[in-house]
Each structure stands twice: as C-alpha cells, then as structure tokens.
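Examining the three-dimensional arrangement
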Amino acid sequence: MYQLSGMSGADNGHPLSRILRDSMLCTQHAFMGEITFKNAGAIFFDHDPLPGYL
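For the structure given in this document, a descriptive report is provided here. (Residues numbered from 1 in each chain as written. Predicted model: local features only at pLDDT ≥ 70, side-chain atom pairs only at ≥ 80, totals over all residues. Heavy atoms only, no water.)

Structural notes on the packing of aromatic side chains
Note the threshold: Working definition: rings of Phe, Tyr and Trp (its six-membered ring) pair if their centres are within 6.5 Å, and the pair is stacked with planes under 30 degrees apart, edge-to-face with planes over 60 apart, and tilted otherwise. Think of it in three bands: residues with accessible area under 20% of the maximum for their type are buried, residues over 50% are exposed, and the middle band is partly exposed, with areas taken using a 1.4 Å probe on protein chains only.
Per the counting criterion, the structure on display carries one aromatic pair. Judged by centre distance (5.0 Å) and plane angle (90 degrees), the rings of Phe-44 and Phe-45 are edge-to-face. For Phe-44, a relative accessible area of 66% gives the class exposed.

Here it is in structure tokens:
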C-alpha cells in the first residue's frame, strides 16, 4: 500500500490511512498473543519453545 500511496498514505487524513492501519493490525495481534510471550520466556530461560515458533 505504501508503494501505491507513498508516504502520504501514512498521514491520518489520507483515505488509505485507515486501510493501512487495519491491515497491519492483524499481524500485530497475531504476533503479540499470549503464546508468543510464553515462547519468548522459554527461550530467555534456555528452554525449547513450542514447535513453529522459530
């Protein structure tokens, strides 16, 4: 989307701004789920994370 709209698409007043934010929201929620924190803690304490984390 940024390639289509340029950096003006990031401006809150731009019509594509909401679409850009909404599309990025899904990936952020998937990344910041509870299981992500559990796996990150497992790695921090030198334990194996669940399969598929790395």
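More follows now that the structure is in view.
Points about unusual backbone geometry
If you check the backbone angles, Asp-46 has positive phi at about 65 degrees while not being a glycine. Assessed through its relative accessible area of 72%, Asp-46 is described here as exposed.

Let's talk about helix H3 (residues 34-44)
For the record, the criterion: Labels follow the DSSP assignment, with helices taken as runs of H or I lasting at least four residues and strands as runs of E lasting at least two, numbered in each case from the N terminus. The arc refers to the directions leading from the helix axis to the C-beta atoms.
For H3, the complete set of buried residues consists of Thr-36, Asn-39 and Ala-42. Taken end-on, H3 shows its buried residues confined to a sector of 125 degrees, consistent with a single buried face. Opposite the buried face of H3, by more than 90 degrees, sit the exposed residues Glu-34, Phe-37, Lys-38 and Phe-44. Backbone geometry just downstream of H3 places Asp-46 in the positive-phi region, at approximately 65 degrees.

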